[in-house]
Amino acid sequence: METSKNVQRLKRRLESDTGKAIADYNMIEAGDTVMVCISGGKDSFAMLSILMALQQRAPVDFRLIAMNLDQKQPGFPADVLPRYLSGLGIDYRIVEQDTYSIVKEKIPEGKTTCSLCSRLRRGVIYRTAKELGANKIALGHHRDDIVHTLFLNLLFGGKLKAMPPKLVTDDGAHIVIRPLAYCSEQDIARYARGMQFPIIPCNLCGSQSNLQRQKIREMMAEWDSRFPGRTESVFSALQNIVPSHLADNAFFDFKGLRLGENTLDTDGGDIAFDDPQLDATPMHQAVSLMIQRG
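Here is what the cut-offs are and how they apply
- Residues numbered from 1 in each chain as written.
- Predicted model: local features only at pLDDT ≥ 70, side-chain atom pairs only at ≥ 80, totals over all residues.
- Heavy atoms only, no water.
- Helix = DSSP H or I, 4+ residues; strand = E, 2+ residues; numbered from the N terminus.
- Buried < 20%, exposed > 50% of the residue type's maximum accessible area, 1.4 Å probe, protein only.
- Areas by Shrake-Rupley, 256 points an atom, 1.4 Å probe, with all protein chains shown as cover.
- Lys, Arg positive; Asp, Glu negative; His and termini not counted.
- Salt bridge = Lys/Arg side-chain N within 4 Å of Asp/Glu carboxyl O.
- Polar contact = N/O pair within 3.5 Å; in protein donor to acceptor, adjacent residues only side chain to side chain.
- Axes fitted to C-alpha atoms, helices over the stretch in contact; angles between N-to-C directions.
- Parallel < 35°, antiparallel > 145°, perpendicular 65-115°, else oblique.
- Left-handed = near helix turned anticlockwise from the far one by under 90°.
- Contact = heavy atoms within 4.5 Å.
- Expected span 1.5 Å × (residues − 1).
- Core = buried A, V, L, I, M, F, W, Y, C linked by side-chain atoms within 4.5 Å.

Draft legend 1. Region of the structure containing the overall build of the chain. Of the regular secondary structure elements, the chain holds 11 helices and six strands. Taking all 294 residues of the chain together, the buried fraction comes to 39%. On the chain, roughly 16,700 Å² of surface is accessible, and the fraction owed to carbon and sulfur atoms is 52%.

Draft legend 2. Expanded view of the side chain of arginine 178. Along the polypeptide, arginine 178 turns up in the loop between β6 (175–177) and α7 (185–195). It is aspartate 145 that comes nearest to the buried, bridge-free arginine 178 among opposite-charge side chains, at 7.5 Å. Among the polar contacts listed, one links the side chain of arginine 178 to the backbone oxygen of proline 164, at a separation of 2.7 Å.

Draft legend 3. Representation of the packing of helix α1 (residues 4–24) against α7 within the structure. Relative to each other, α1 and α7 sit at 135°, their axes nearing to 9 Å. On the basis of their axis angle, the class for α1 and α7 is oblique. For the pair α1 and α7, the sense of crossing is left-handed. Facing α1, whose interface residues are Val7, Leu10, Lys11, Arg13 and Leu14, α7 presents Asp187, Ile188, Arg190, Tyr191, Gly194 and Met195.

Draft legend 4. Broad picture of helix α2 (residues 42–57). Taking 1.5 Å per residue, 16 residues should reach 22 Å; α2 reaches 24 Å between its end C-alpha atoms and fits that length. Along α2, the residues classified as buried are Asp43, Ser44, Phe45, Ala46, Met47, Leu48, Ser49, Ile50, Leu51, Ala53 and Leu54.

Draft legend 5. Representation of the nonpolar core. With 45 residues, the main nonpolar core has Ile28, Val34, Val36 and Leu51 as its most contacted residues. The biggest single contributor to this core is α2, with seven residues. Discounting residues that sit within four places of it in the chain, valine 34 has contacts with Ile28, Phe62, Arg63, Leu64, Ile65, Lys136, Ala138 and Ile177. Met35, Leu132, Ala134 and Leu139 belong to the second-largest nonpolar core, a separate cluster that totals 14 residues.

Draft legend 6. Region of interest: unusual backbone geometry. Positioned with a positive phi, asparagine 26 is a non-glycine residue whose angle comes to about 50°. The topology assignment puts asparagine 26 in the loop between α1 and β1 (33–37). Positive phi, close to 55°, is recorded for glutamine 196, a residue that is not glycine. On the secondary structure map, glutamine 196 appears in the loop between α7 and α8 (212–226). According to the relative accessible area criterion, glutamine 196 is exposed, its value standing at 57%.

Next comes the structure, spelled out in structure tokens:
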């Protein structure tokens, strides 16, 4: 169990990271009504706690409304969140919709349920935001989620795509924000334990051992344990894109590139092996050695 001093230190760091992400992407503005999606997991509890703390000293006025979708999963403790949210004194809405039965009916046993479940959940969330007059929808995805999504799309979807910190919904009616975009899962988990949030496990998808996301999570955990800081480095790369050193014609005019033109990339885009040991090492081993050295 985290000591009170450690919890306060974590809280300050998470608030700082969240505040910076909000400022960097202009996530919350004066007069906004932000619907904070609460799943019952550690990330959304932490997000709500941090946003409520930031609201107290923010230079602009905005409204927070907590929202939970009760998907009617068997054994779901329907009394936990209303009691907890009432205790916080925050406005909230519990939406009851049996998406669980739909998912179980449509998805064969043994197949992953995330795709259909997320689509159904997203529809309910957008509808509820409209009913509540919320122009912003806050989701609890953190930095690790964003990095894992990048590798999922890269390795299994053939796309260089992750979760953006901020986006406009397909219907153009709302803006989705991810205030925890700069926060690490490790910090959030420690904070959640220290705060003793009433965590509600997801029995629909949390136990699926064949999820590709879980495999990516394990890969990154092993990578970070061997070479600390890799997740931070990958996230930083998402903020430092060089289109002229990728291969997408839609984002850089490769066909029209001519001699003497400045592409605004001064480093040439190549790895410089200044270490003699690296120069004499096969490429894949050299990259591994560079990673290890950080």
